[in-house]
Amino acid sequence: MKRIALLLAIVLSSLIHASDLFSEDPDWIYVLPSNWCIKNLISTDLNGDPVPDLVMGDPDTECIQTFLGNGDGSFELFQTLSLTHVQWLETADVDLDGDLDLIAYCAYIDSIHVMLNDGSGILSSPIASLLHDDAWGINFAVGIFDADTIPDIVLGGGTIWYSHGNGDGTFEAAEEIYDEPWGSSAQVLSDLDADGDNDIVLLPYGRISVLLNNGDGTVTWGGYYGPIAGGGGMDGHLAIDHLDSDSLLDVAVVAGEGMGTNGVFTFLGNGDGSFNVTGPGWVGGLSPFNQLIAKDFNLDDDNDVFMCGNGCVLLLLNDGSGMLIDPWEFCLGSSVSNQGAVGDFDLDGDFDFAYVRDTPYWWEIHVHLNKLIQQGIEESEGEYDSLELIASPSPFSTSLSITFTLPEPGYVELSVYDLAGRQIEVFSSGAVSAGAQVLVWNPGYTIPNGCYLIVLEASGERISRRCVKLD
């Protein structure tokens, strides 16, 4: 039998349950000092290699630490920076040099701090951008929000604030752009109405609220959608991604304890900034959840949902219609970080996850590796016998992982085209050995949002894969 591991794994994914993808016991543990109280853990690319890295924020010891990935699911502590009251972390190329920088919102002092990346993963000391005397938030989003191509910041709690990026890692004083009378615990930027501008989705008290971008840093309210589960407090989280079979952006919401129930709710987009309320994608769970990440964990082309909560981790698979099924939940019996990290930590082609857990004695980083591709490899033998091409994740924001497989050595050309047929990037042109090759495309913010084709030409064949870029 010939080995086509990635293809076989995709076939097997339709037969695999969520609980089959991960084991409850972590594959890698890193023990942290016992007095830490971890709020944040995110996955990003700090040093430009194909291996995802981790960034952790700790408000108690008032520091940020970075961990570089080894490519096998383990990480090495790389750098420690002093920063007080870290509430939320994001990454973006805010100085436009091609490297992902780190942005932190610091509660109590109500300011944004930027740590610039030198390209090797070393971050600068935090640069403070004081927003406004009255500006405060729960979390924030980074993306292009006005007429230029420079990343900006949208911060919100009740009032939504916009801070214009200067392109050097600094930001102008914040401006109030919208006052949400019901408050908001989350905001996400994405182009909901396909006009080329990033819009905002808020999560106020049991429903979502849409703010459509006018293209100049101002917004027009697009309406409420919901309710989700009655009234409640300002907890919960949301993600914008593709959840059903069309090409329109949808919204998944995790409703926290204060919203009347624990569960995930889906809103299917109409492409004009409005949504069809589909009701609960899933209701249940032992704990309110703080974060939701949409990724295709079982490689069936439908985005699934991973969530971190106060003592629980949950994975839900997507049935292809936007309904979330087959819940796999394990209760840790202790606190978990507000943000969890998702990425291909062992470079085997599927998504893994990590979080920080409070044990009775200390805090630990836990990494769980996805077994899907490993299961596919175990059930096959031999060599690759056909041309293969995989590009993930899609949609992506600043970087795309591309894996191509050759059955025999030969001349290869790997390129990116826009939908008008223009070649905008050439990755590889020349002789390549047989087997699997992995590379990462890092266009950052140099190309606009939209659909692109990754085209592989080799062995007299030509295959392509579509990807979607969304900031």
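Residues numbered from 1 in each chain as written. Predicted model: local features only at pLDDT ≥ 70, side-chain atom pairs only at ≥ 80, totals over all residues. Heavy atoms only, no water.

J.: I'm lost on the sheet that holds strand 3 (residues 53-58) in this one. Help?
T.: Two pairing modes exist for strands in a sheet, parallel and antiparallel, and in both the strands are linked by backbone hydrogen bonds. Across the sheet, 4 strands lie side by side as 2-3-4-5; this open sheet has antiparallel pairing. Each end of this open sheet is capped by a strand with a single partner; those strands are strand 2 (40-44) and strand 5 (75-82). Each strand of the sheet is rotated relative to its neighbour by a mean of 20 degrees, with strand direction disregarded. In the sheet, strand 4 (residues 63-69) pairs with strand 5 via 7 bridges, with the strands oriented antiparallel. Note on strand 5: the bridge partner recorded for F67 is L77. (Pairing = 2+ DSSP bridges. Helix = DSSP H or I, 4+ residues; strand = E, 2+ residues; numbered from the N terminus. Axes fitted to C-alpha atoms, helices over the stretch in contact; angles between N-to-C directions.)

J.: Is there a simple way to think about the sheet that holds strand 12 (residues 159-163) in this case?
T.: Read from one edge of the open sheet, 4 strands run 10-11-12-13, paired in antiparallel fashion. At either end of the open sheet lies a strand with only one pairing partner, and these are strand 10 (139-143) and strand 13 (175-179). Across the sheet, the mean angle from the axis of one strand to that of its neighbour is 25 degrees, orientation sign disregarded. With 4 bridges joining them, strand 12 and strand 13 adopt antiparallel strand pairing. The residue bridging W161 from the neighbouring strand is E176, located in strand 13.

J.: Help me understand the nonpolar core in this model?
T.: General note: in soluble globular proteins, nonpolar side chains tend to be found buried as a group. In this structure, L21, F297, F306, L315, F353 and Y355 are the most contacted members of the largest nonpolar core, which totals 22 residues. Every element with two or more residues in this core is listed here: helix 2 (18-21), strand 23 (304-309), strand 24 (312-318), strand 25 (324-331), strand 27 (352-358) and helix 3 (372-378). Residue contributions to this core peak at 3 residues, all from strand 24. In contact with L21, other than residues within four places in its own chain, are I16, F297, N298, L315, L317, L369, N370, K371 and L372. Residues I402, L406, W441 and L456 belong to the second largest nonpolar core, which totals 21 residues. (Core = buried A, V, L, I, M, F, W, Y, C linked by side-chain atoms within 4.5 Å. Buried < 20%, exposed > 50% of the residue type's maximum accessible area, 1.4 Å probe, protein only. Contact = heavy atoms within 4.5 Å.)

J.: Sorry, what's going on with the layout of surface pockets here?
T.: Where empty space is left becomes clear once a probe the size of a water molecule has been rolled over the atoms. Of the volumes computed, that of the second largest pocket is approximately 850 Å³. Sorting the residues of the lining of the second largest pocket by element identifies helix 1 (5-13), strand 22 (289-295), strand 29 (388-392) and strand 35 (461-469) as the ones contributing at least two each. No other element matches strand 29, which puts 5 residues into the lining of the second largest pocket. Tallied by class, the residues present in the lining of the second largest pocket amount to 13 nonpolar, 8 polar and 10 charged. (1 Å grid on protein atoms, 1.4 Å probe; cavity = no way out; pocket = protein on both sides within 12 Å on 5 of 7 lines; lining within 4 Å. Points joined across faces, edges and corners; volume = space filled by probe spheres on them. Nonpolar A, V, L, I, M, F, W, Y, C, P; charged D, E, K, R; others polar.)

J.: Sorry if this is basic, but what is going on with the packing of aromatic side chains here?
T.: Given two aromatic rings, one states the distance between the centres and the angle between the planes to describe the pair. Within the structure shown, the criterion is met by 17 aromatic pairs. Ring centres of F145 and Y162 lie 5.5 Å apart, and the angle between their planes is 50 degrees; on these two criteria the pair is classed as tilted. Of the two residues, F145 is situated in the loop between strand 10 and strand 11 (152-156) and Y162 in strand 12; the sequence distance between them amounts to 17 residues. Of the residues examined, F145 reaches a relative accessible area of 1% and is grouped as buried. (Phe/Tyr/Trp six-rings, centres within 6.5 Å; stacked < 30°, edge-to-face > 60°.)

J.: I keep staring at the pattern of salt bridges and nothing clicks. Help me out?
T.: Side chains that differ in charge, positive against negative, can pair when their charged atoms come close. Counted according to the given criterion, the structure contains 1 salt bridge. Across the salt bridge formed by D27 and K371, the nearest N and O atoms sit 3.3 Å from each other. With D27 in the loop between helix 2 and strand 1 (28-31) and K371 in the loop between strand 28 (363-368) and helix 3, this residue pair connects regions lying 344 residues apart in the sequence. For D27, a relative accessible area of 37% puts it in the partly exposed group. Since its relative accessible area comes to 18%, K371 is described here as buried. (Salt bridge = Lys/Arg side-chain N within 4 Å of Asp/Glu carboxyl O.)

J.: Would you mind showing me how to read the pairing of strand 8 (residues 111-115) here?
T.: If a strand is regular, its side chains alternate between the two faces of the sheet. Most of strand 8 sits out of view: 5 of its 5 residues are buried. Burial of strand 8 is two-sided: the residues S111, H113 and M115 facing one way and the residues I112 and V114 facing the other way are all buried.

J.: Would you take a moment to explain a nonpolar patch on the surface for this structure?
T.: A grouping of I29, V31, Y361 and W362 is seen on the molecular surface, where their side chains present a nonpolar patch of about 420 Å² in accessible area. Mapped onto the elements, Y361 comes out in the loop between strand 27 and strand 28. (Patch = residues over 30% accessible without salt bridge, like charges linked within 9 Å, V, L, I, M, F, W, Y side chains within 5 Å. Areas by Shrake-Rupley, 256 points an atom, 1.4 Å probe, with all protein chains shown as cover.)

J.: Whenever I open this one, the environment of G343 confuses me. Can you help?
T.: Along the chain, G343 falls in strand 26 (residues 341-343). When the C-alpha atoms of G343 and D45 are compared, they prove to be 10.0 Å apart, with 298 residues separating the residues in sequence. If we skip the residues at most four places from it in the chain, G343 touches S43, P52, D350, F351 and D352.

J.: So what exactly am I meant to see when it comes to the pairing of strand 35 here?
T.: Two strands pair when backbone bridges link them, and strand 34 (residues 450-458) and strand 35 are joined in this way by 9 bridges, in the antiparallel orientation. Each bridged residue has a counterpart across the sheet, and for Y452 the counterpart in strand 35 is C467. Taking the residues between adjacent antiparallel strands as the criterion, strand 34 and strand 35 are bridged by 2 residues, where S459 takes a positive phi near 55 degrees.

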